[in-house]
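# Coordinate inspection notes
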Amino acid sequence: MEYKEQSFEAVIEVGSECEDCVIVHGWLYDGTKWVLHAWGETEEAVYDLTETRDPQHRSEYYKTHGVTEERLRRYSRVEFFTLLGETKHFGPYDKELFFATTSDVDPLTK
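In this report, the structure presented in the accompanying data block is examined. (Residues numbered from 1 in each chain as written. Predicted model: local features only at pLDDT ≥ 70, side-chain atom pairs only at ≥ 80, totals over all residues. Heavy atoms only, no water.)

## Concerning unusual backbone geometry
The phi torsion of most residues other than glycine is negative, and most of the peptide bonds are trans. Between Gly91 and the following residue, Pro92, the backbone shows a cis peptide bond with an omega angle of 10°. As for its position among the elements, Pro92 is in the loop between helix H3 (77–87) and strand E6 (102–103). For Lys88, which is not glycine, the phi dihedral falls at a positive 65°. As for its position among the elements, Lys88 is in the loop between H3 and E6. By relative accessible area, which is 69% here, Lys88 ends up exposed. (Helix = DSSP H or I, 4+ residues; strand = E, 2+ residues; numbered from the N terminus. Buried < 20%, exposed > 50% of the residue type's maximum accessible area, 1.4 Å probe, protein only.)

## A closer look at the packing of helix H1 (residues 6–17) against H3
Contact geometry for H1 and H3: axes closest at 10 Å, N-to-C directions at 135°. Taken together, the axes of H1 and H3 lie oblique to each other. Handedness of the H1/H3 crossing: left-handed. Here Val11, Ile12, Gly15 and Ser16 of H1 come into contact with H3, specifically with Arg77, Phe80, Phe81 and Leu84. Residues belonging to the contact of H1 with H3 are distributed by class as follows: five nonpolar, two polar and one charged. (Axes fitted to C-alpha atoms, helices over the stretch in contact; angles between N-to-C directions. Parallel < 35°, antiparallel > 145°, perpendicular 65-115°, else oblique. Left-handed = near helix turned anticlockwise from the far one by under 90°. Contact = heavy atoms within 4.5 Å. Nonpolar A, V, L, I, M, F, W, Y, C, P; charged D, E, K, R; others polar.)

This is how it looks when you write it as structure tokens:
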């Protein structure tokens, strides 16, 4: 998997159109390296517009991409749009956890 900067922009559309979603910034694991990514999600579905415009089952998305709770940050729509307005960028906002766009080692060991 390659780093897709546009994933951070794409969640603006998700957050604007999906009232019950949260915005997620997280590390995805492709089996060889960790990649920083952004998506929107509800309890059941993930909206990753860099892959498809259709909702994906959250459990399948997490399994396919090696998503783990400790390697992500969730933002409510209000939090996300507030941070966007304050910082004038799409994220990531937690620079300690998201120190690079890719990592060859587990980001939690940094």
